[in-house]
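# Report on the structure
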Amino acid sequence: MSSPTGPASGLPVRMPRPRQPGRHRRPEPVAAPEGAPALVLAVPGAPSTTTRGLAEEVVSIARSELPGLDARIGYVDGEEDATVTSFPEFPSLRSVLVHAAAQRAARAERARAAAAEAGESAPAAPPEGPVAVVVPLLAGPDSTLMDRIRQTVADSGVAAELTDVLGPHPLLAEALHVRLSEAGLARADRARLFTVATAADGIVLATVGGEEAVQAAGITGMLLAARLAVPVMAAALDQEGAIAATAEQLRGSGSAQLALAPYLIGPELDADLLDAAAKDAGCSVAEPLGPYPAIGKLALSKYTTALGIAPQQPSGAPVH
């Protein structure tokens, strides 16, 4: 038996660990609210096993950041023959939304049946709020793709919210830095003063989606330039000659060894177009952003912001 001053002899008691004070205190874990809408990742491009693997890594990161999260993958160009009980290999965004709505309605019906069996009153109306929050797997704006996603959400007839794209954001500049360093085109750590023989002294940031996309990429490009202390210029990969013209502009300002960094996650990217542009511009090329951890964190941030819930925020203030 314990006394007011401590445990009785021979009976150790586990004492609570003191909370670490101040700014280094570990944040309390946050879980998804019960019955919260699904996070549906809208994946552009031609579906493939590679694309699916990338998307699954992104949603896995989001789930690890918010336990209990219902995260799903819908393909903008996916298959439509989904039912409530079965799914094709690459389900369309519309199918995923309809499936989520059907499951939500079924849960509500089971809750009403259980309440009736227990002799309790149950709400007659279905749960309020959106069935899903759709997050486009896009680093920057692409009006054509966003219009398609918006139309798909509307055509589904499902109450769903559509968020903005993931960037610009400092974490995307970090991801670009990492991809460049993996290709041997930049220092891996900006705090170290060693020299990389193949490091680029000028970066062309490649994007797709028109002038709006180039402007948005330029914001992340400024953050990347600050990290690497080299000039960075954005250009449209889907505009003929734009990458080569930007490369010549950088060479005209004194850069001699250029690198092409895709400001793209991957599914929306035409790899042949990227390789051709790099060849025309005479640039070494880094890998796309891919399932870099920041992508999953930013997707989750878009979801939680839409719902007004607040897990731990990604490092770095967002750029507007």
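Treat the numbers as computed from the prediction; the structure is a model and nothing was measured.

Our focus in this paragraph is the overall build of the protein. What the protein contains, in helices and strands, is eight helices and eight strands. Counting only residues that meet the buried cut, the protein has 43% of its 320 residues in that class. For the protein, restricting intrachain contacts to residue pairs at least 6 apart in sequence, the fraction spanning at least 24 positions comes to 73%. Roughly 16800 Å² of accessible area belongs to the protein as shown, and the carbon and sulfur atoms make up 53% of that amount.

The next subject is the pattern of salt bridges. All told, the structure shown has seven salt bridges when counted by the stated rule. A salt bridge links Glu 80 to Arg 94; the nearest nitrogen and oxygen atoms lie 2.9 Å apart. With Glu 80 in the loop between strand S2 (71-75) and helix H2 (93-117) and Arg 94 in helix H2, this pair connects stretches of sequence that are 14 residues apart.

Omega for the bond connecting Gly 167 with Pro 168 falls within 30 degrees of zero, at 0 degrees, which places this linkage in the cis form. The backbone of Ala 229 sits at a positive phi, close to 60 degrees, despite the residue not being glycine. In this structure, Ala 229 sits in the loop between helix H5 (211-228) and strand S6 (232-236). Owing to a relative accessible area of 67%, Ala 229 belongs among the exposed residues under this scheme.

Quick look at the packing of helix H6 (residues 242-252) against helix H7 (residues 271-281) now. Relative orientation of the contacting elements H6 and H7 amounts to 35 degrees, with a least axis distance of 8 Å. Between H6 and H7 lies a crossing whose hand is right-handed. On H7, the residues that touch Ile 243, Ala 244, Ala 247 and Arg 251 of H6 are Ala 277, Asp 280 and Ala 281. Its residues placed into classes, the contact of H6 with H7 shows five nonpolar, no polar and two charged.

Strand order across the open sheet formed by four strands is S2-S1-S3-S4, with parallel pairing between neighbours. Both edges of this open sheet fall to S2 and strand S4 (160-162), since each of them pairs with a single strand only. When strand polarity is set aside, the average angle formed by the axes of neighbouring strands in this sheet is 25 degrees. Taken strand by strand, helix H8 (residues 293-307) contacts strand S1 (38-43), strand S3 (132-136) and S4, and its axis lies near 140 degrees from that of S3.

This part is about the nonpolar core. If you look at the biggest cluster of nonpolar residues, it comprises 48 residues, and the most contacted ones within it are Leu 41, Leu 180, Ile 203 and Ile 295. Broken down by element, the residue count for this core peaks at six residues, all from H8.

Let's shift gears to the side chain of Thr 207. Counting through the fold element by element, Thr 207 comes out in strand S5 (residues 202-207). Ignoring anything within four residues of it in the chain, the contact list for Thr 207 reads Ala 213, Val 214, Ala 217, Ala 235, Ala 236, Leu 237, Asp 238, Tyr 263 and Leu 264.

Once that is clear, we can look at the packing of helix H4 (residues 170-182) against H5. In the contact formed by H4 and H5, the axes pass within 9 Å of each other and the chain directions differ by 55 degrees. Considering the angle they form, H4 stands oblique to H5. Our pair here, H4 against H5, has a crossing hand that is right-handed. Taking contact as the criterion, the partners of Pro 170, Leu 172, Ala 173, Glu 174, Leu 176, His 177 and Leu 180 in H4 are, on H5, Thr 220, Leu 223, Leu 224, Arg 227 and Leu 228.

This part covers the confidence of the model for the protein. Confidence in the prediction for the protein averages 85 pLDDT; 78% of positions are at 70 or higher. Under a pLDDT of 50 for its full length, residues 1-17 has, in the predicted model, six contacts with residues more than four places off or in other chains. In the predicted structure, residues 191-195 sits below a pLDDT of 50 and forms three contacts with residues beyond four places in sequence or in another chain.

What follows is about the sheet that holds strand S8 (residues 284-285). The parallel open sheet is built from four strands, whose spatial order is S6-S5-S7-S8. The strands lining the two open edges of the sheet, one partner per strand, are S6 and S8. Across the sheet, H4 lies against S5 and strand S7 (258-262), angled at about 130 degrees from S7, the strand it touches most.

Thresholds, definitions, all that
- Residues numbered from 1 in each chain as written.
- Predicted model: local features only at pLDDT ≥ 70, side-chain atom pairs only at ≥ 80, totals over all residues.
- Heavy atoms only, no water.
- Helix = DSSP H or I, 4+ residues; strand = E, 2+ residues; numbered from the N terminus.
- Buried < 20%, exposed > 50% of the residue type's maximum accessible area, 1.4 Å probe, protein only.
- Contact = heavy atoms within 4.5 Å.
- Areas by Shrake-Rupley, 256 points an atom, 1.4 Å probe, with all protein chains shown as cover.
- Salt bridge = Lys/Arg side-chain N within 4 Å of Asp/Glu carboxyl O.
- Axes fitted to C-alpha atoms, helices over the stretch in contact; angles between N-to-C directions.
- Left-handed = near helix turned anticlockwise from the far one by under 90°.
- Nonpolar A, V, L, I, M, F, W, Y, C, P; charged D, E, K, R; others polar.
- Pairing = 2+ DSSP bridges.
- Core = buried A, V, L, I, M, F, W, Y, C linked by side-chain atoms within 4.5 Å.
- Parallel < 35°, antiparallel > 145°, perpendicular 65-115°, else oblique.
- pLDDT = per-residue confidence, 0-100.

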